[in-house]
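Descriptive analysis of the structure
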Amino acid sequence: MATDVHRPVTSAAPAAVRVDGLIRAFDGRPVIDGLRLDVRPGEFVALLGRSGCGKSTLLRVLAGLDREIEGTVLVPRRKAVAFQAPRLMPWKRVWRNVVLGLDGKPERAVAERALDEVGLGHRARAWPKTLSGGEAQRASLARALVREPDLLLLDEPFGALDALTRVRAQRLVGELWQRRGCAVLLVTHDVEEAVLLADRVLVMDRGVIAHEQRVDLDRPRDITDPRFAALRAGLLERLGVEAPTPASASASTPASAAAATSASTAAASAAATVPARTAT
């Protein structure tokens, strides 16, 4: 199932990703510095960290887009990546974007099956410029899924979406993971999103994994659960962000408070629709 990007790792333990002693430097300055990481087959891992800590660099290494590294990286041969920007070719219809880069001569039916899976089958012949932001991101996910990946890499895929579209996209990714059973590594700045979706949350700092938090909450997850709130607060503290005090919370404007309430309510509703995953 797996191939090495740099040098193979010898181990009897199954892993979808195995990284040992990874170093990636730019102009002599290490952005990733001796990093170690394991992701099990079928595991959903979220990666948090401040801007510039090396999250996206690590994802590019795992995707095989950056090979100027030292150390060992073992990843599946079948892997796919979805970035924050959908990166659709405007001169190709949506279905042709989905199969772009596949070997051989992919059939339209292959693209349409993937588009149906993300709820976009009716837009197969549309031009990318006619898609909404959420639709474009779903087309990007379809392009990743059509490759039947054992490892799905997501680099802040919801960052450019509005709050409600983001909630729907999070729910979709959760459902796709449930159905597909592939390992997922999600790079995000959103702590709540990480706790909502992941089996395990990692915090990256100064080029290494500085903290690991297992999310032992039943699915579907409820963001109003005190245990959820405690995990979120602990991760925020690890990231150097203080939880808002009641005084500062009450100082919010009515408009911003209403928006936050609407987004939180939608997120809770979305979380409730993702079923618990069946063990295999």
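Here is what the cut-offs are and how they apply
Residue numbers run consecutively from 1 along every chain, following the written order of its sequence. This being a predicted model, a pLDDT of at least 70 is required before a residue's local features are given, and a value of 80 or more before pairs of side-chain atoms are given or counted; all residues contribute to the totals for chains, interfaces and linings. Side-chain calculation: all heavy atoms of the structure are included, whereas hydrogens and water are not. The method works on a 1 Å grid over the protein atoms by themselves. A cavity is a set of points holding a 1.4 Å probe that cannot get out, a pocket is an open set with protein on both sides within 12 Å along at least five of seven lines, and residues with an atom within 4 Å of a point line them. Grid points are joined across faces, edges and corners, and a volume is the space filled by probe spheres set on the points. For helices the rule is a DSSP run of H or I covering at least 4 residues; for strands it is a run of E covering at least 2, with both sets numbered from the N terminus onward. When residues are sorted by character, Ala, Val, Leu, Ile, Met, Phe, Trp, Tyr, Cys and Pro go into the nonpolar class, Asp, Glu, Lys and Arg into the charged class, and all the rest, Gly among them, into the polar class. When two rings of Phe, Tyr or Trp (its six-membered ring) have centres within 6.5 Å they constitute a pair, described as stacked for plane angles under 30 degrees, edge-to-face for angles over 60, and tilted for the intermediate range. Any Lys NZ or Arg CZ that is within 6 Å of a ring centre and within 35 degrees of that ring's normal is treated as a charge sitting over the ring. The rule for a salt bridge is simple: a side-chain nitrogen of Lys or Arg has to be within 4 Å of a carboxyl oxygen of Asp or Glu. In this scheme, a residue with accessible area under 20% of its type's maximum is buried, one over 50% is exposed, and one in between is partly exposed, where area comes from a 1.4 Å probe on protein chains only. Here, strands pair whenever DSSP counts at least two bridges between them. The axes are straight lines fitted to the C-alpha atoms, using for helices just the contacting stretch, and the angles between their N-to-C directions are given from 0 to 180°. What makes two residues a contact is simply this: any of their non-hydrogen atoms within 4.5 Å. Residue-level confidence of the predictor is summarised by pLDDT, bounded by 0 at the bottom and 100 at the top.

1. Comments concerning the layout of surface pockets
Put simply, the largest pocket is a space of about 350 Å³. Listed by contribution, the elements that provide at least two residues to the lining of the largest pocket are strand S6 (79-83) and helix H4 (133-145). With 5 residues, the single largest contributor to the lining of the largest pocket is S6. Broken down by class, the residue content of the lining of the largest pocket amounts to 11 nonpolar, 1 polar and 4 charged.

2. A look at the packing of aromatic side chains
Evaluated as defined, the whole model comprises 1 aromatic pair. Looking at arginine 24, its charged tip hangs above the ring of phenylalanine 26, at a distance of 4.0 Å from the centre. Seen from the ring of phenylalanine 83, arginine 87 lies directly overhead, with NZ or CZ sitting 4.0 Å from the centre.

3. A closer look at unusual backbone geometry
Cis peptide bonds are those with omega within 30 degrees of zero, and the linkage from arginine 219 to proline 220 qualifies with 0°. When you line up the elements, proline 220 lands in the loop between strand S10 (208-214) and helix H7 (226-238). Backbone geometry places aspartate 27, a non-glycine residue, at a positive phi of 55°. Relative to the helices and strands, aspartate 27 resides in the loop between strand S2 (17-26) and strand S3 (29-39). The phi angle at glutamate 156 is positive, at roughly 45°, despite the residue not being glycine. Tracing the sequence through the fold places glutamate 156 in the loop between strand S7 (151-155) and helix H5 (163-180).

4. Re the pattern of salt bridges
In the structure shown here, the tally under the stated rule is 19 salt bridges. The partner of glutamate 112 in a salt bridge is arginine 108, with the nearest N and O atoms 2.7 Å apart. Of this pair, glutamate 112 and arginine 108 both sit in helix H3 (residues 108-117), separated by 4 residues, roughly a single helical turn. Given the relative accessible area of 25%, glutamate 112 is considered partly exposed. Of the residues examined, arginine 108 reaches a relative accessible area of 32% and is grouped as partly exposed. The residue glutamate 135 makes a salt bridge to arginine 123 at a minimum N-O spacing of 3.8 Å. Taken as a pair, glutamate 135 in helix H4 and arginine 123 in the loop between H3 and H4 lie far apart in primary sequence, 12 residues in all. Across the pair, exposure class does not vary: glutamate 135 and arginine 123 are buried alike. One connected set of salt bridges, linked through shared partners, spans Arg40, Glu43, Arg200, Glu212 and Arg214.

5. Digging into the sheet that holds strand S4 (residues 44-49)
Spatially, 6 strands are ordered S6-S7-S8-S4-S9-S10 in an open sheet, and the strand pairing comes out mixed. Each edge of the open sheet carries a strand with a single partner, namely S6 and S10. Averaged over neighbouring strand pairs, the angle between their axes works out to 20° when direction is ignored. Relative to strand S9 (residues 200-205), S4 runs parallel, the two being bridged by 5 bridges. Following the sheet pairing, valine 45 is matched in S9 by arginine 200. Across the sheet, H7 touches S4, S9 and S10, and the angle it forms with S10 is around 170°.

6. Focus: the confidence of the model for the protein chain
Low pLDDT marks regions whose predicted coordinates should not be analysed in detail. Of all residues in the protein chain, 81% have pLDDT values of 70 or greater, and the mean over the chain is 84. Within the model, the stretch residues 6-13 combines pLDDT values under 50 with 13 contacts to residues more than four positions away or in other chains. In the predicted structure, residues 248-275 sits below a pLDDT of 50 and forms 26 contacts with residues beyond four places in sequence or in another chain.

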